[in-house]
Amino acid sequence: MSGTQRTLTQNPLEKTWVPSLKTRLSQRRGSSVPQFTNSPTMIVMVGLPARGKTYISKKLTRYLNWIGVTTKGINLTPQGFTRDSACAIAALKDVCDYFTRGQGQVVVFDATNTTLERREVIRSFAKENGYKVCYFLGQVKLTSPDYADCDKEEAVADFLKRIDCYKLTYVPLDDDKDRNLSYIKIFNVGSRYLVNQVQDHIQSRIVYYLMNIHVTPRSIYLCRHGESELNLVGRIGGDSGLSTGGAKFASALGAYLRGQCISDLKVWTSHMKRTIQTAEALGVQYEQWKALNEIDAGVCEDMTYEEIQENYPEEFALRDQDKYRYRYPKGESYEDLVQRLEPVIMELERQENVLVICHQAVMRCLLAYFLDKSANELPYLKCPLHTVLKLTPVAYGCKVESVFLNIEAVNTHRDKPVNVDVDREPAEALETVPDHV
Amino acid sequence: CGYHVWNFSEVQILITSRPRRPKLTFVVPQHLCMTNCPTLIVTVGLPARGKTYISKKLTRYLNWIGVPTKEFNVGQYRRECLKIYKSFEFFRPDNEEGLKIRRQCALAALNDVRQYLSVEGGQVAVFDATNTTRERRGTIVKFAEQNDFKVFFVESVCEDPDVIAQNIVQVKLGSPDYIHCNTEEAIEDFMKRIKCYESSYQPLDEALDRDLSYITIMDVGRRYLVNRVLDHIQSRIVYYLMNIHITPRSIYLCRHGESDLNIKGRIGGDSGLSARGKEFARSLMKFIQEQNIKDLKVCTSQMKRTIQTAECLGVPYEQWKPLNEIDAGVCEEMMYEEIQEHYPLEFALRDQDKYRYRYPKGESYEDLVQRLEPVIMELERQENVLVICHQAVMRCLLAYFLDKSADELPYLKCPLHTVLKLTPMAYGCKVESVCLSVDAVNTHRDRPEKTHMLNYLIKCNFFSCFYFTCCKHKYSNWKKRFSSVTFFSCFVKDALTCSHSHNIFQCFESVLRDSPGAQKKKYFVEFVGSTKIF
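Residues numbered from 1 in each chain as written. Chains lettered and ligands numbered in written order. Predicted model: local features only at pLDDT ≥ 70, side-chain atom pairs only at ≥ 80, totals over all residues. Heavy atoms only, no water.

1. Here's the deal with the overall build of chain A
Spelled out, the test is: By the criteria applied, helices consist of DSSP H or I runs no shorter than four residues and strands consist of E runs no shorter than two, each listed in order from the N terminus. We call two residues in contact whenever any of their non-hydrogen atoms come within 4.5 Å of each other. For every accessible area listed, the method is Shrake-Rupley and the probe measures 1.4 Å; residues are considered covered only by the protein chains on display.
Along its length, chain A carries 13 helices and 14 strands. Restricting to contacts in chain A with at least 6 residues of sequence separation, those with at least 24 account for 69%. On chain A, roughly 19,000 Å² of surface is accessible, and the fraction owed to carbon and sulfur atoms is 51%.

2. A short note on the UniProt feature "binding site: substrate" (unreviewed entry) in chain B
Residues and elements named next belong to chain B. The following threshold applies: UniProt positions are given in the numbering used here, feature names are shortened, and annotations may be inferred rather than shown by experiment. Only protein chains enter the calculation, and the probe is 1.4 Å; a residue is then buried if its accessible area is under 20% of its type maximum, exposed if over 50%, and partly exposed in between. A 3.5 Å cut-off defines polar contacts: any pair of N or O atoms within that distance qualifies, except that in protein one atom must be a possible hydrogen donor and the other a possible acceptor, and neighbouring residues in sequence count only when both atoms are side-chain atoms.
Mapped onto this numbering, the UniProt entry gives "binding site: substrate" (unreviewed entry) at Arg255, His256, Gly257, Glu258, Ser259, Asp260, Leu261, Asn262 and Arg305. Spanning 51 residues, the named residues nonetheless gather at one spot, since no C-alpha pair among them exceeds 14.1 Å. By the secondary structure assignment, His256 is in the loop between β7 (251-255) and α10 (260-263). The exposure class assigned to His256 is buried, which follows from its relative accessible area of 2%. Ignoring anything within four residues of it in the chain, the contact list for His256 reads Asn262, Phe280, Arg305, Thr306, Thr309, Ile388, Cys389, His390 and Leu416. At a separation of 3.3 Å, a polar atom in the side chain of His256 contacts the side chain of Arg305. Along the chain, Asn262 turns up in helix α10. Assessed through its relative accessible area of 12%, Asn262 is described here as buried. Beyond its immediate stretch of four places on either side in the chain, Asn262 contacts Arg255, His256, Gly257, Leu416, Val441 and Thr443.

3. Examining the interface of chain A and chain B
Note the cut-off: A 1.4 Å probe defines the accessible area here, and the buried area is the portion of it lost by two parts on being joined, summed over both. Each reported salt bridge corresponds to a side-chain nitrogen of Lys or Arg within 4 Å of a carboxyl oxygen of Asp or Glu. Following the grouping adopted for this structure description, the nonpolar residues are Ala, Val, Leu, Ile, Met, Phe, Trp, Tyr, Cys and Pro, the charged ones are Asp, Glu, Lys and Arg, and the polar ones are all others, Gly among them.
Each partner contributes residues to the interface: chain A has 55 residues there, and chain B has 65 residues. For the pairing of chain A and chain B, the buried interface totals around 5,200 Å² over both sides, and the portion due to carbon and sulfur atoms is 49%. On inspection of chain A and its partner chain B, the count reaches 5 salt bridges. Ionic pairing is found between B:Lys321 and A:Asp336, a salt bridge with its closest N-O pair at 3.8 Å. Listed by contribution, the elements that provide at least two residues to the side of chain A that touches chain B are β1 (8-10), β2 (17-19), β8 (192-196), α5 (201-212), β11 (287-288) and α11 (334-350) of chain A. Looking at the side of chain A that touches chain B, the element that brings in the most residues is α5(A), giving 7 residues. Across the side of chain A that touches chain B, the residue classes tally to 17 nonpolar, 20 polar and 18 charged.

4. Let's talk about the packing of helix α3 (residues 51-64) of chain B against helix α15 (residues 365-381) of chain B
Residue and element names in this part refer to chain B. Heads up, the condition is: Fitted lines through C-alpha atoms give the axes, limited to the stretch in contact for helices. The angle between two N-to-C directions lies from 0 to 180 degrees. For classification purposes, angles smaller than 35 degrees are called roughly parallel, those larger than 145 roughly antiparallel, those between 65 and 115 roughly perpendicular, and all remaining angles oblique.
In contact at an axis separation of 11 Å, α3 and α15 are set at 155° when each is read in the N-to-C sense. The angle between α3 and α15 places the two elements in the roughly antiparallel class. Between α3 and α15, the contacting residues are Lys57, Tyr61 and Trp64 on the first element and Val369, Leu372, Glu373, Ile376, Met377 and Glu380 on the second. A breakdown of the residues in the contact of α3 with α15 according to their chemical character gives 6 nonpolar, no polar and 3 charged.

5. Thoughts on unusual backbone geometry
Phi at A:Cys261 takes a positive value of approximately 50°, unusual for a residue other than glycine. Turning to its location among the elements, A:Cys261 is positioned in the loop between α7 (244-260) and β10 (266-269). On the accessibility criterion, A:Cys261 (65% relative accessible area) is exposed. For B:Arg228, which is not glycine, the phi torsion reads 50° and is therefore positive. Mapped onto the elements, B:Arg228 comes out in the loop between β6 (223-227) and α9 (232-243). Classification of B:Arg228 by relative accessible area gives partly exposed; the value is 34%.

6. Digging into the sheet that holds strand β3 (residues 124-128) of chain B
Counted only if it meets this: Here, any two strands with at least 2 DSSP bridges between them count as paired.
The strand order across the open sheet built from 12 strands is β4(A)-β5(A)-β3(A)-β6(A)-β7(A)-β8(A)-β6(B)-β5(B)-β4(B)-β1(B)-β3(B)-β2(B), with neighbouring strands paired in mixed fashion. Across the chains shown, the open sheet's two edge strands, defined by having one partner strand only, are β4 (71-75) of chain A together with β2 (69-73) of chain B. Within the sheet, the average angular offset between the axes of one strand and its neighbour, ignoring direction, is 15°. The pairing of β2(B) with β3(B) spans 5 bridges and is parallel. Its bridge partner lying in β3(B), B:Asn73 is registered against B:Asp128. Against the sheet, α3(B) touches β1 (39-44), β2, β3, β4 (150-157) and β5 (214-218) of chain B, its axis set at about 165° to β2(B). Across the sheet, helix α6 (residues 134-147) of chain B is in contact with β1, β3 and β4 of chain B; its angle to β1(B) comes to roughly 175°.

7. Looking at the sheet that holds strand β10 (residues 385-389) of chain B
All names here are of chain B. Here we have 6 strands laid out as an open sheet, ordered β9-β8-β10-β7-β11-β12, and mixed in their pairing. One side of each edge strand has no neighbouring strand; the edge strands of this open sheet are β9 (317-319) and β12 (428-435). Each strand of the sheet is rotated relative to its neighbour by a mean of 20°, with strand direction disregarded. Inspection of the sheet shows β7 paired to strand β11 (residues 418-425) by 3 bridges, in the antiparallel sense. By the bridge assignment for β11, Tyr252 is matched with Lys421. Lying over the sheet, helix α16 (residues 391-402) contacts β7, β10, β11 and β12, oriented at roughly 155° with respect to β7.

8. Notes on the pairing of strand β6 (residues 132-137) of chain A
Residue and element names in this part refer to chain A. In terms of residue burial, β6 counts as a mostly covered element, since 6 of its 6 residues are buried. Along β6, one buried face is formed by Lys132, Cys134 and Phe136 and the opposite face, lined by Val133, Tyr135 and Leu137, is buried too. Here strand β3 (residues 41-46) pairs with β6 via 6 bridges, running parallel. Of the residues in β6, the one forming a bridge with Val44 is Tyr135. Note: β6 against strand β7 (residues 182-187), 4 bridges, orientation parallel. Opposite Tyr135, over in β7, you have Tyr183 as the bridge partner.

Right, here's the structure in full:
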């Protein structure tokens, strides 16, 4: 290869440097997962029918999508033995389409996949197409949360009936014969794991994630810091202290939490003054995470939207065009935020009752993870000041209770304006800016 | 003369501020370190199964991410006790004397573990021994319970004769035990040694040991069994152990080619390569080709200068934002002289504790380590890799591979246009430094001597301000311990010269706090005269 250099240009939206000639040597990275090995991966759920498998499939899919690995769950509903193979073939075709046309990276194949024959079909299909396969075998007890909402006896009867059907043909993975397959086996509701031949980064991340999640009932409380001095004057970023209203909120938050009678609540804040001041008012131990700091607005720190429009009208427009990927000059994007919040999410999964006092953009990212919101919706999620969101995992998702603590605060939510063109009028750019002093 | 003239309020700040210490959390959530529950990691396995390799590597990783960890190798204790190793006979299961000594050594090591975890503030201790019997493991569990330590076992199981042979060649032949033997003798003896343990080996059992927390690593990572991971640190340890491998490979670390801002002596920014920088990129390409590296993966930061360097190589590369240079916040694109002029306080504080110091609106080395942890994890997973990064980033990565402390890290030498080739070897890393013969500016700032700091302060009028500050405030009782000028000056001298002494300011603060106005002038003058440091 010659040593000639292609000129680099900076992508105006993401502020990444890319060679001006688009050849196959250039790569655009969006997720926190290194893309060295590009083969798509199939995660195949094996085992007896149990809603636990679907719970894990959906959770895993949600997590992978959130960290930027395009993932799809493909469900194979068995319609009796005779139609199994037809179903399987149709599903495999879906997988192929998703990987090639849909540019997906991972498929979570949720089905019974119990017969040797069926697994062989999947294995050879993957080999033919150059896909990686990783099997997942979970054994989840009936005490998982999804059984809470149905009649216990009915559920048990239904479950046992299905097990009986499949027991006849179920062949578990064999330690010796299947030694070259990649798989993860979970025993005893997650207290024991067997991991065989983890091939690559994504599989290793998946194993780590699966080992950290649990089904113990608990709640996660998300809220922003109390209203800050800069909030009052409509300025973004910075590191100001609480306003009078903000301080009142902090006390109200303390009262609310005491009322909730939460056992063993952990409290987390960022390293910024306003979240720490809020936590201080609670009078309990709290922990500071730098990763929870608000999005870095770079050159726009401490500015009002009006000032941004005046000084950086093009940046302002680009941001409205793709708020998720837009990176402030010398700052961050929502996409960057997600990458830095991933360890926080991992620790939240490990923990039980937690209160996270953070910031608007950060809260949107965390919320998007729990509520499975897409990258497009994420930057516009409503996270008003002085409002606590109580998230309680149920069934396959999360119950949300929104509690406004009755202390007035400014609105900091800016909707996407109608006109996002770079050459729009200032008034059009500023039409959705919330009121401030 | 280029020195800043201090005013009253600045002095107050200087005196009362401490080196920046992020209040809690960085890589490992502080609740981990705040719970009074240290962790005891216990290796399990026959000889030559990689236990010491795992112990040392894990210790290095945990220390790097900020969890104070120390390993305790029982074999070392045995060598100190026995002085001379004769033969495998010492390890025979029917050797009463041998068994007695081995047990004593294990207990001595456990005692030191207790000292480290309960008294010295250690957070994790790695107890490296065979621990192959349930009885021995039971003793350890009891010991841990008595002392409120959590226990996590790391078992290594391997029956592949090639792996075992390679292990023996790499680390046993060079052991002090076999210093007087030739290769054949050593191997023969060691194989007999292994045999001594085999009959009594009781591997961790699914049923009998179901209540223990452990990971069993089979065949050097082909397969893992994980049982009862209790907390965050154990989960991190498991993740780490599942990502490391022993496949031979090399990691190449270098900085981007010299940049335009480098030439101007300015830090940070996002400038492009200078002409010499481009020349370096071309030399780098030739170097890489000559090395003939199998399947080399190349990664850069998202800053122009590293990308431009990689572009020259003509191979695919990946951009990782975590590899971006340390964010110097308000000091971005400044020269050191400008920083000294505009932010003299910050400049002084940075020299006081470069690892923990965080630029205003920027980052610290400590923050950098946190953001580089996923990079390290990925480098562990990979095989041959070339990382094109930046000075502070390279220092952090190097500190991980070469087990450098937080104190040394910010002063590691990572010059431009030099490639470091790291090859894991035995228990550590071989380093080859290749300077690619393209001139570049030097961007390294050595650790300033403490006297530089003091000299600097004197020359810029610090002490006059200090005096005025003292006089301006009314302080109550001069404590007895400061009544002697000699003691006082010794105190300051000690504070300045002992290894944790970056806190001359803390020292002044306590003087400030404790001294009554009347005495001050006298002590101050005598102090200035008596300290012969400058």
